Amino acid sequence: TFKCRYGKTSSEKLVCKDGSLAAADRRMSAVYYSEMAGAPAQTKSALRRTRDVFLAKRERCASESCVARVYEERIAEIRRIGDQ
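Residues numbered from 1 in each chain as written. Predicted model: local features only at pLDDT ≥ 70, side-chain atom pairs only at ≥ 80, totals over all residues. Heavy atoms only, no water.

1. What about the overall build of the protein?
Heads up, the condition is: Working definition: helices are DSSP H or I runs of at least four residues, strands are E runs of at least two. Numbering for both runs from the N terminus. Radius of gyration here uses only the C-alpha atoms, and the compact-globule reference equals 2.2 Å multiplied by the residue count raised to the power 0.38. When a residue's accessible area, from a 1.4 Å probe over protein chains only, is under 20% of the maximum for its type it is buried; when over 50% it is exposed; and in between it is partly exposed. Any two residues having at least one pair of non-hydrogen atoms within 4.5 Å are treated as being in contact. Charge counting follows a simple rule: Lys and Arg are positive, Asp and Glu are negative, and His as well as the terminal groups are ignored. Throughout, a charge is located at the NZ atom of Lys, the CZ atom of Arg, the CG atom of Asp or the CD atom of Glu.
A count of helices and strands for the protein gives four helices and zero strands. Mapped in sequence order, the helices and strands of the protein form the string α-α-α-α. For the protein, whose C-alpha radius of gyration is 13 Å, the value lies close to the compact-globule estimate of 12 Å for 84 residues. Taken across its 84 residues, the protein has 37% of its residues classed as buried. Residue pairs in contact within the protein that sit at least 24 positions apart in sequence constitute 64% of those at least 6 positions apart. One way to put it: in the protein the 18 positive side-chain charges average out to a point 4 Å from where the 11 negative ones average out.

Given below as C-alpha cells:
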C-alpha cells in the first residue's frame with residue numbers, strides 16, 4: 001500500500017481518486033502481507049519477484065476497470081503462490 005500524497009504514477013493516481021480501487025489496493029496488500037507472514041523463503045522470494053511484474057502491469061492501465069482487473073488477478077496470484 002502506498003500513501004496517496006506520494007502517489008506519482010498514473011495508476012497510483014487512479015487508485016487514489018477511486019474508493020473501490022483504493023479498497024482493492026488495501027485488500028491486495030492484506031493478502032500479500034498475510035501470505036508473507038511465516039512463509040518459507042522460497043515463497044517470499046516468489047511473492048517479491050512477481051510484485052514487480054504486477055506493478056508494471058498496473059502501470060500500463062489507462063482505466064479504472066483495467067486497474068481493478070489487475071488487482072483481482074494479483075490477489076489470485078498471491079494466493080496461488082502461497083498455496084504452493
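What follows picks up the thread again.
2. Comments concerning the packing of helix 2 (residues 19–36) against helix 4 (residues 64–83)
The following threshold applies: Axis definition: a line fitted to C-alpha atoms, limited for helices to the stretch in contact. Angles are taken between N-to-C directions and run from 0 to 180 degrees. For classification purposes, an angle smaller than 35 degrees is called roughly parallel, one larger than 145 roughly antiparallel, one from 65 to 115 roughly perpendicular, and anything else oblique. The sense of a crossing depends on the near helix, which, turned anticlockwise from the far helix by less than a right angle, makes the crossing left-handed and, turned clockwise, makes it right-handed. Note that Gly is not counted as nonpolar here; it falls among the polar residues with everything else outside the nonpolar set of Ala, Val, Leu, Ile, Met, Phe, Trp, Tyr, Cys and Pro and the charged set of Asp, Glu, Lys and Arg.
Between helix 2 and helix 4, the least distance of the axes is 10 Å, while the angle of their chain directions is 15°. The angle between the axes of helix 2 and helix 4 places the two elements in the roughly parallel class. In this structure, the crossing between helix 2 and helix 4 has a hand that is left-handed. Across from L21, A24, D25, R27, M28, V31, Y32 and E35 in helix 2, the residues of helix 4 making contact are E64, V67, A68, Y71, E72, R74, I75, I78, R79 and G82. A breakdown of the residues in the contact of helix 2 with helix 4 according to their chemical character gives ten nonpolar, one polar and seven charged.

3. As for the state of the cysteines
Applied cut-off: Only a pair of cysteine sulfur atoms within 2.5 Å qualifies as a disulfide here.
According to the stated counting rule, one finds two disulfides in the structure shown. Covalently, C4 is tied to C16 through a disulfide, its sulfur atoms 2.1 Å apart. On the S-S bond that ties C4 to C16, the torsion sits near -100°, and the link is left-handed. With C4 in the segment before helix 1 (10–17) and C16 in helix 1, this pair connects stretches of sequence that are twelve residues apart. Using a relative accessible area of 43% as the deciding quantity, one classes C4 as partly exposed.

4. A closer look at the side chain of S11
Cut-off, in case you're wondering: Polar contact criterion, stated in full: a pair of N or O atoms within 3.5 Å, where within protein one must be able to donate a hydrogen and the other to accept it, and residues adjacent in sequence count only if both atoms are side-chain atoms.
One can find S11 in helix 1. At 3.1 Å, the side chain of S11 forms a polar contact with the side chain of R58. Once you skip the residues sitting within four places of it in the chain, S11 turns out to touch R58 and E59.

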